[in-house]
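# Chain and residue survey
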Amino acid sequence: MKHNSNFEYDLHLGVLGEKLVKGIFKNPDKVEVKTDFKAKDTGNVFIEYESRGKLSGLATTKAEWYCFVLSNENIIFLKTIKLKELCKQKGLPRRKGGDENTSNGILLPIKQLIKL
């Protein structure tokens, strides 16, 4: 999938991912859903922890579970606490991302999510 900086398009993909996943859970508020169709090409997921100078994403979530929708067939679930542990590993690249590159995040290899 090509990079797209169109917020409306990204929002549409995100909503589709949330609908796909949240129907599985009895309490969908306990799941943070991230749709990242680019991850299958890059091999990484972007884990946001700060946006516009304020803590956000993984740093502020109240969700018990994180879900990464990588395609219509590839979905990864893991406990938020486990994701936080993974993101504390040394050597993980930190990058700008999100809308207009206003967020800071960690690039976490998909292989590390799968081998759990």
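For the structure given in this document, a descriptive report is provided here. Everything numeric here is computed off the predicted structure, so don't read it as measured data. (Residues numbered from 1 in each chain as written. Predicted model: local features only at pLDDT ≥ 70, side-chain atom pairs only at ≥ 80, totals over all residues. Heavy atoms only, no water.)

## So, the sheet that holds strand β5 (residues 75–79)
On the basis of which strands lie adjacent, the open sheet formed by three strands has the order β1-β4-β5 and mixed pairing. Looking at which strands have only one partner, the edges of the open sheet turn out to be β1 (31–35) and β5. For this sheet the average axis-to-axis angle between neighbouring strands, irrespective of direction, equals 15°. Here strand β4 (residues 65–69) runs beside β5; their pairing, made up of five bridges, is antiparallel. Each residue of the ladder has a partner; that of W65, found in β5, is K79. Contacts from helix α3 (residues 80–87) reach β4 and β5, with the element oriented near 90° to β5. (Pairing = 2+ DSSP bridges. Helix = DSSP H or I, 4+ residues; strand = E, 2+ residues; numbered from the N terminus. Axes fitted to C-alpha atoms, helices over the stretch in contact; angles between N-to-C directions. Contact = heavy atoms within 4.5 Å.)

## Digging into the sheet that holds strand β2 (residues 44–51)
Two orientations exist for strands paired in a sheet by backbone hydrogen bonds: parallel and antiparallel. Pairing is antiparallel in the open sheet, where four strands are placed in the order β3-β2-β7-β6. Across the chains shown, the open sheet's two edge strands, defined by having one partner strand only, are β3 (54–55) and β6 (94–97). Pairing between β2 and strand β7 (residues 103–109): seven bridges, direction antiparallel. Opposite I47, over in β7, you have I106 as the bridge partner. Across the face of the sheet, α3 comes into contact with β2 and β7 while running at roughly 90° to β7.

## Focus: the pattern of salt bridges
Scanning all chains against the criterion turns up three salt bridges. K34 serves as the salt-bridge partner of E32, at 3.2 Å between the closest nitrogen and oxygen. Of the residues examined, K34 reaches a relative accessible area of 32% and is grouped as partly exposed. Note that K82 is salt-bridged to E85, the shortest N-O span being 3.5 Å. (Salt bridge = Lys/Arg side-chain N within 4 Å of Asp/Glu carboxyl O. Buried < 20%, exposed > 50% of the residue type's maximum accessible area, 1.4 Å probe, protein only.)

## Observations concerning the pairing of β4
Within β4, four of the five residues are buried, which leaves it mostly tucked inside the rest of the structure. For β1 and β4, the ladder comprises five bridges, and the chain directions are parallel. The partner of E32 across the bridge, within β4, is Y66. Where β4 folds back onto β5 in an antiparallel hairpin, the turn is made up of five residues.

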